[in-house]
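Each chain, written out:
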Amino acid sequence: MLIQDKKLLLIGQVTDLSKIPIRTIRYYESLGLIKSSRLTEGGFRQFSLDVLTRLAFIKRAQNLGLSLEEIGNILQVYDQGQTPCGEIKEKLEEKVLEIDHQIDQLLTLRSEIKGLLSGWKNISDHHEETICPIIQNKTCSRSQV
């Protein structure tokens, strides 16, 4: 049985406690988002307990739409002993603007599709160069604008 310092966790224990796969933990480590505290004599990574807090932060930040690069920048500020809340607020405000833009685009697309559906009729004339005249005619008229 592998003997370890009780204050340090092996990567498998980190996976069990965080529910994050070993492969992901290794990837985060390769990006510098987390660091192992040391290696055992057998070459196993050991992590301090604070890695669990860091992993939870990374996952929450990802769920809010932040990229790993953005998260890495935030963690660098934190690692320098500063509170990164200002950077986080700025990034989240940017995300809100992006979401608003996406909503606008989706509403426009929804309106266009509803317009196509409301004008739908069975078209008996089938031209070989046309797959579906309703879609192609609308697309052609839009692309010519």
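Residues numbered from 1 in each chain as written. Predicted model: local features only at pLDDT ≥ 70, side-chain atom pairs only at ≥ 80, totals over all residues. Heavy atoms only, no water.

(A) Looking closely at helix α1 (residues 11-18). Among the residues of α1, I11, V14, T15 and S18 are the ones counted as buried. Projected down its long axis, α1 shows its buried positions confined to an angular sector of 100°, all on one face. Residues of α1 that are exposed and angled more than 90 degrees away from the buried face: D16 and L17. Looking at the buried positions of α1, the neighbouring elements they touch are β1 (8-10), α2 (22-31), β3 (45-48) and α3 (50-63). Just downstream of α1, K19 is the residue with a positive phi angle, here 65°. (Buried < 20%, exposed > 50% of the residue type's maximum accessible area, 1.4 Å probe, protein only. Helix = DSSP H or I, 4+ residues; strand = E, 2+ residues; numbered from the N terminus. Arc of directions from axis to C-beta. Contact = heavy atoms within 4.5 Å.)

(B) A look at the sheet that holds strand β2 (residues 38-39). With respect to topology, three strands assemble into an open sheet ordered β1-β3-β2, the strand pairing being antiparallel. Looking at which strands have only one partner, the edges of the open sheet turn out to be β1 and β2. Sheet analysis places β2 next to β3, joined by two bridges and oriented antiparallel. Looking at β3, one finds that R38 is bridged to Q46. Sitting on the sheet, α1 is in contact with β1 and β3, with an inclination near 90° to β1. (Pairing = 2+ DSSP bridges. Axes fitted to C-alpha atoms, helices over the stretch in contact; angles between N-to-C directions.)

(C) Geometry of unusual backbone geometry. Unusually for a residue other than glycine, K19 sits at a positive phi of about 65°. Assignment of secondary structure puts K19 in the loop between α1 and α2. Take K19: its relative accessible area is 69%, and that puts it in the exposed class.

(D) The arrangement of the nonpolar core in detail. Judged by nonpolar contacts, the single largest core of 18 residues is most densely connected at V14, I25, I34, F47, L55, I58 and I71. If we ignore the near neighbours within four places in the chain, the residues touching F47 are K7, L8, L9, I11, V14, I25, E29, I34, K35, S36 and S37. (Core = buried A, V, L, I, M, F, W, Y, C linked by side-chain atoms within 4.5 Å.)

(E) Representation of the side chain of S18 in the model. For S18, the position within the fold is in helix α1. Contacts of S18, omitting those with residues within four sequence positions, involve I25, L52 and L55.

(F) Spotlight on the pattern of salt bridges. This model, assessed by the stated rule, comprises seven salt bridges. E29 serves as the salt-bridge partner of R45, at 2.5 Å between the closest nitrogen and oxygen. Here the residue R45 occupies a position in strand β3, and E29 occupies one in helix α2, the gap between them amounting to 16 residues. Overall, the relative accessible area of 19% leaves E29 in the buried class. (Salt bridge = Lys/Arg side-chain N within 4 Å of Asp/Glu carboxyl O.)

(G) Spotlight on the packing of α3 against helix α4 (residues 68-79). Where α3 meets α4, the axes come as close as 10 Å, and the angle between the chain directions of the two elements is 140°. In terms of orientation, α3 lies oblique with respect to α4. Once α3 is placed against α4, the crossing between them reads as right-handed. Together, R54, F57, I58, A61 and Q62 of α3 and L68, I71, I74, L75, Y78 and D79 of α4 make up the contact between the two elements. For the contact of α3 with α4, the residue count by class is eight nonpolar, one polar and two charged. (Parallel < 35°, antiparallel > 145°, perpendicular 65-115°, else oblique. Left-handed = near helix turned anticlockwise from the far one by under 90°. Nonpolar A, V, L, I, M, F, W, Y, C, P; charged D, E, K, R; others polar.)

(H) Region of interest: the pairing of β3. Bridge count for β1 against β3 is three bridges, and the pairing is antiparallel. Paired with L10 across the bridge in β3 is Q46. Once β2 ends, the chain turns through five residues before running back antiparallel as β3, passing G43 with a positive phi of about 90°.

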